[in-house]
Structures are given as C-alpha cells and as structure tokens.
Amino acid sequence: MSKSIIIFCLFCFSGLFAQSQANITGNVKSSENENLIGASIFFDSNNKKLSALSDAFGNFSENLPLGKVAITINQAGYLNKTLNIDLVNDTIISIILEKDISLLKEVIITNDKKDGISTLSGGKLSFNLKELSSLPTVLGTTDIIKILQLTPGVQNSGDANGYLYVRGGDPGHNAILYNGTPVYGMSHLLGVFPFYNTDHIKEVEFDKSSSNAKYGGRLSSTTLLIPNKKIPSEFSIQGNVGILASQLTLALPITEKSGIYLSGRKTYIDEIIAPLVNSSSQNNDVQDMKYGFSDGNMTFISQISKNNLFAVDAFVSGDKLKINDDNLSLKTSLKWSNFTVSPSVTTALSSKTSMSNAVYFTQYSNDLSMEQATIQFGVSSYVKDFGFTNSFRYWIKNIPVESGLQYVYHDLQPQKVNVENFSSSNNTSQNSMITANEAAVFTTLKPKLTDKLNAELGLRINYYTSGSQSSYLHFQPRLLLNYIANEKLSFYGSYNKQYQYLSLITTSSVGIPTDFWIASSDGIKPQSSDEFAIGSNQNISKNLVSSFGGFYRSMKDLLEYPYGITQFNEITTLKNDLLVGRGKAYGLEFMLRKNNGKFTGWLSYTLSWSDRNFDELNNGKTYFAKYDRRHNLSLVGMYDLNPKWNFGVTQIFSSGNRFTMPTSWYFVNNNPVKEYSEYNNAQMPNYIRTDLSANYFFFKTNKKESALNFSIYNTFNIDNPIYVVLDVKVADDKSSVVVRQDKKVLYRILPSISWRFKF
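Residues numbered from 1 in each chain as written. Predicted model: local features only at pLDDT ≥ 70, side-chain atom pairs only at ≥ 80, totals over all residues. Heavy atoms only, no water.

A. Representation of the overall build of the protein within the structure. Helix and strand counts for the protein stand at four helices and 46 strands. Across the protein, every contact between residues at least 6 apart in sequence was considered, and the portion connecting residues at least 24 apart equals 63%. Element-wise, carbon and sulfur atoms account for 56% of the exposed surface of the protein, whose accessible area totals about 33,700 Å². (Helix = DSSP H or I, 4+ residues; strand = E, 2+ residues; numbered from the N terminus. Contact = heavy atoms within 4.5 Å. Areas by Shrake-Rupley, 256 points an atom, 1.4 Å probe, with all protein chains shown as cover.)

The following block contains the structure:
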C-alpha cells in the first residue's frame, strides 16, 4: 500500500519538478541584420549567474530556473543591452544590438543613424564605411587609406603615396588583412585611387598597436577589412560610375541558406593620367604613356548545417604602366598584382564554445622591364604565403577566452635582376629566393578584475625558421587595462611586444611599386619593437566624445636599403647591401568627435617625433626619419542639409617630410661636387590641402539609392611638392655656384563627378 502511495505522489508532482527550469533560446543580430558571432550573454537568475557565447549563427541556448531573469548581451563595438523577463516556460527571444560610440560603461546615446567612426577598447577605431560616403575623394568613392590618414597617430603621406605611416613606423610595419588574409601590395599607382572596393567591405577595424595576440608579424598597426557576411535574401546591385573609373557590386542569393557577393572595378584613364603626371613639367618628353588597373572581390557564404557556416573570400588586383619615349629610345613596362583566396568554416560546438578554421593563399608580385637602345634591364620580385589559422572561443568560469594556432609557409623572391646587351654577349643575371616556415600559438583573456577595471591579457608565441642557421623562438606579451572612472570618463594603458620576420624594402619616395619584401634569413634578424601607450576617453556631452593619449615605441634591427631600385653587381649580395639600425618614436594624440545631428565629423591632431640610428648613415649619429612630421592636423566635417543634399569637407595640415640637402658645392674639373652635413637635414614645405564634396540624391531608401557626387581635391590649388630637384649652375661672373630648388608637383586641383546607385 505504501509503495502505491509513493508512486502516486511521484506522478502528481512530476510536473512540478519538470517545470522548475526552462530553456531560453535566442539569436543576436546587428542592426544590419547580420548574425553576431561570439557575443557574450550573461544571465542573472535568483542570484545564480551563468554565461554563454553566441555561436556561428548568432544563436545561444541556456537552461535557467523559473522566475525573474536579467539577460545582458555584450559585443565589442556595440552597445550593451539588458533584458528583464519573467521566465515561466521555454522562451525564444531575438536581440538586435546597435553600434557603440565609445568604450564607456553603459553609456547609451540615441542616434537616428549609425556612427561613421567608433572607439573600441584600448583606443582602437571602427569605421562604418557607408556612413562615411560623403567624404571627398578623387573617384567619388570612399578611400580606406585616406580615411585612416585622417585619424590620430597616422602620418599624412602626402601626394603620390598610398602607404600608411603609423606612430613613427615604416610602411611595411603595417598589416592589412582582408578577412584575415595578409595583402602585401598596398596601393595603386601614386596613391591617387582607392585600393579597396568599399562597396564589398562592410566594416574596417584599425588597431594602431596590433594589441590582439591573434595577429602578429608587424611592428605597427593592424587593419582588418571585414567583408559582408550576411547571406543575401534578394538580388541587389550597386556601384559607381565616374570620370576615371567605375565599379559594380552584385548580391546574389543562391538558396535560402547560401549566397554570393561579386564586385569589380576598372579604369579608363589612359588619356587622363599622362596630363596629371606631367602637369608640372614644361617639356613633355613622354611620347606614349598608358596606365590602368582592375580588381575584383568575391564572397561566398553558405550555412551548410545548423552549426556550421562556410565562406570563401577572394581578392584580385592588377596594375599595368607603360611608358615609351622615342626621344630617349626608352621603353618601360611595370606590372604589379595581388591575389588572395581564403575558405573558412565556423562551427558552434556548444552554447559557450565556437571554433573557426581557415586556410589561405596570398601572392603579390611586381615586374619592371626597361629597354633603351641595345640594353634591356629587368627586375622582379614576389612574395607568396600558404597559411592556416585555427581559433577557439570559449569561457573559463566568467572569463571569455580566445585561443588558437597558426602556420604559414613563406616563399619569396626579393629581387630577380636580368641585364641583356643586344650588341654583345655580356648578359648577366642575379636571383635570390627565400623560403621560411612560421608557426604561432596565441591566447587572449578578458577578465573583469574589479567593478571598474577590465583587462585584456594576451600572449603570442612565434617560432620562425629559414634555412639551417636562421631560427627564432619569440614570446610576445600583450597587456591592456581599461579603468572606468564613471559614466563619462575612462582610462587605458597598454604594452605590446612585436616581432616582424618579413620586411618591406622601399626603393622609391613616390608611389611607384618597385618595392620588394625580404624574409629574415642568412643573418638578417627579425625587426622588433616595444610599445607603451596610455590614454583616456571622455563623454563631454550627448553629442561630443573625445580621446587623448600618448605613446612611446622603441624599434631594433630596422632595415634600410640606400640604393634605389636595385644595386646590381656580381660581387655584392642583398644581405651586404642592407643597413641595420634602430629607431624610436613618441608622441601625443588627440581626437574630438561629433556623431549625432545634421553636422558630424571629427578633429584629429598628432604631435610626434620619429628618429633613426644607423652606423653607416650620418656618421652614426641619430637623425630624423623621413616621415618625421612634427604636426598632423585633420578636420573632417559632414553636413546633411536635407534629404536631397549633403556635403563633406576635409582640411589637412602637416609638417613636411624630411630629405637630405647638400650644404655646400664646389667644382672639380668643371664638374659640380656636393658636400653633405647631416642625413635628412632638410624639410619639405608644410602640406596643406582642402577637399570638398557634395552629394545630390535623386532618391534614397534602405534598399535603393541614386546620387550624384561632386568632389574637388585640393580645392585651393595649393602646390604640395612630392620631391625637390636641385639645379646647379655657375654664376655669370664664375665666382660662385648658384643652386636653385625645383619643386616637383604631381597634381594640383582635381575636380571629379560620379554617379552612385543601388537597386
């Protein structure tokens, strides 16, 4: 009898036991309807605290006790969101996060549109390219490199140069990653044209210190180019038709769970570029000059199963320049190209663990060929990478962690030189090839030390080997501390150790891509740096956000190649031609941003110093680096007048870059002889430029747009020389030498018009 009563009671109360818990299933998306991977979800239920991570599709799931539940969702670059629900049974929720404008704790500023530029943890910047489309550019399309040059810590490179110079570093110290794949060729000819098709790129994240342990191999910054990873739900087309170039982007749904994005650009400027290059020349000796480039992007996305997302990203670009000069019997051809492809799979292993695996191939090559009279000269180079990246995102108690491993095989040809003499048999050649292996493991933890103090702790361990005598094992710690004083003020401090195994050797002062990459081998040591940075972020008012900071960076084993395009003879080697030295850079950075209202924009100012020390240069004394520009000031403004018109302006001022000027002249047998005092002892004129733009919208909705863009580059036609040529003559009385500076200007005022569309 007693057994029957017990069984009866169990049946009666089994429903109560089953209902003591319920399941919450949810999805986290951005305001652009894109699944957010790795978002942190915190549950507070009856003083019981749990956490989860959104998986590869933005989904999460957790079993919780019935009753009141507070759910907090956190994702870097987005505003935190807290939901309070009364959990009585299994529940499904959908969460949409808006972009953040600062790293301050729980500061929510309402806005009727997304921010064009946002500050992330530790002073990193995030750019929404769509909201920056009104900024003036030559082609009427957003230029990522030009935007980065308008931010603190980035030196303005001037005209005829598309490189980045960040916190006193060289151009090769910066990594540009297209969906995690390194791109080694960085610009089109003379830096005039945007190098990346921004219609295909959803977002850009810029880290001046490369503070994330996941990324390595560079002394300075990391720029992440993030393509659109939202599966297209319908066919759409957008593009830009301009005077110098046009571009087109297609979004093609294949099935409900897969789609593809295709983009392409092409120039038609053969009759336009020659007048630009020779605008400052009185004697046009170039009889025939042709230049053109094209590029393409592809992103394929497929949700192959509930827990697996497959994607393939590819990028290809090609440039070609030809110059024929009959007066000099000269024929010149220069080609350079990029190709990258990267398939990846992101897998949700559980509600708190996800894994990503990717393989990639990237190649950059250039080829210069010159033929004059009976001599033909050729020099070429390439760099190829075959790589693999694995990463895990998981939790240790309440601490989010990302760990993984990477491997890359480097194949380089720094210089292949060939000289042929058609009139004799004196044909010579020189070639050097390098292969190297690089492996790394990394871990990043983000613990909350106190209510006001957060940390990012990272460690990257690199093993590099090339040949039988060049192998290195390096530990690279990363430390970032964020202290939130109150709702309007926060501070950060960071330290980063970096090693660089592949180095860019620049051979031209202007943007002509004859530069080449060389790997650490045969006694060439890796470059290294130690960087310290501190800063603060302030919410001044509802509409104004400011940041202020300082940095100090020391660099060792820097490389310098003082021989122009190539130093060719039969007895030297590339290793013997390279100079090895050290350098340091330090400075202050300030930024004031307004992200709301009809008028938006920012003010950026950098006060910095950068110097170098090479035993073989300047008698071993420290000298200013080429791009030591004391002051860099940028003012950016965007104004929405009404639904039909908006306007943009950029005002740039920077100190001139450094160069070496002779200090005295004399003649020996009627030949001028120069004497120098110090290396980089002279300075170019200050760089000043004002750009304007206006957009007229025929119509504009979320899915459709048609607009005309009018832009003026260098509106006030100010001469900004790219280099100085010295003209030396003997005075009429033959008692002195007359030296005249001839300042070469590439282009002055450049107006443009283009039509932007989206359907």
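B. Just the sheet that holds strand β7 (residues 91–97), in detail. The sheet built from three strands is open, its strands ordered β4-β1-β7 with mixed pairing. Edge positions in the sheet fall to β4 (59–65) and β7, since each of these pairs with one other strand and no more. The average undirected angle you get between the axes of adjacent strands in this sheet is 25°. Judged from the seven bridges that link them, strand β1 (residues 21–30) and β7 form a sheet pairing that is parallel. Counterpart to T25 in the pairing with β7 is I92. (Pairing = 2+ DSSP bridges. Axes fitted to C-alpha atoms, helices over the stretch in contact; angles between N-to-C directions.)

C. Region of interest: the environment of T72. Mapped onto the fold, T72 is located in strand β5 (residues 67–74). C-alpha of T72 to C-alpha of L83: the two residues are 11 residues apart in sequence and 6.5 Å apart in space. Engagement of the side chain of T72 in a polar contact is seen with the side chain of T82, the distance being 3.4 Å. (Polar contact = N/O pair within 3.5 Å; in protein donor to acceptor, adjacent residues only side chain to side chain.)

D. Just the confidence of the model for the protein, in detail. In this model, the protein carries a mean pLDDT of 83, and residues with pLDDT of at least 70 account for 85%. Confidence over residues 5–18 falls short of pLDDT 50; this stretch has zero contacts with residues more than four positions distant or in other chains. Between residues 280–286, whose pLDDT stays under 50, and residues either more than four places distant or in other chains, the model counts nine contacts. (pLDDT = per-residue confidence, 0-100.)

E. Region of the structure containing the nonpolar core. F127, Y196, W517 and W602 are the most contacted members of the largest nonpolar core, which totals 81 residues. Apart from residues lying up to four places away in sequence, W517 is in contact with G172, Y184, M186, R218, Y364, V383, L412, P414, Q500, L502, S503 and L504. Core analysis: the next-biggest nonpolar cluster, separate from the first, contains 19 residues, I24, A39, A52 and L97 among them. (Core = buried A, V, L, I, M, F, W, Y, C linked by side-chain atoms within 4.5 Å. Buried < 20%, exposed > 50% of the residue type's maximum accessible area, 1.4 Å probe, protein only.)

F. Fine view of a positive patch on the surface. On the surface, K290, K320, K322 and K335 cluster together into a positively charged patch. By secondary structure assignment, the location of K335 is in strand β21 (residues 330–348). When its relative accessible area of 40% is taken as the criterion, K335 is described as partly exposed. (Patch = residues over 30% accessible without salt bridge, like charges linked within 9 Å, V, L, I, M, F, W, Y side chains within 5 Å. Salt bridge = Lys/Arg side-chain N within 4 Å of Asp/Glu carboxyl O. Lys, Arg positive; Asp, Glu negative; His and termini not counted. Charge placed at Lys NZ, Arg CZ, Asp CG, Glu CD.)

G. Focus on the packing of aromatic side chains. This structure, assessed with the given rule, holds 26 aromatic pairs. Their ring planes at 15° and their centres at 5.4 Å tell us that Y586 and W609 sit as a pair that is stacked. Highlighted residues: Y586 in strand β33 (residues 579–594) and W609 in strand β34 (residues 599–614), separated in sequence by 23 residues. The partly exposed category is assigned to Y586, whose relative accessible area is 31%. The exposure class of W609 is partly exposed, given its relative accessible area of 29%. Measuring from ring centre to ring centre gives 5.0 Å for W645 and Y696, while their planes differ by 55°; the resulting arrangement is tilted. Within this pair, whereas W645 is found in strand β37 (residues 645–654), its partner Y696 is found in strand β42 (residues 687–700), the two being separated by 51 residues in sequence. Taking relative accessible area as the criterion, W645 reaches 30% and is therefore assigned partly exposed. (Phe/Tyr/Trp six-rings, centres within 6.5 Å; stacked < 30°, edge-to-face > 60°.)

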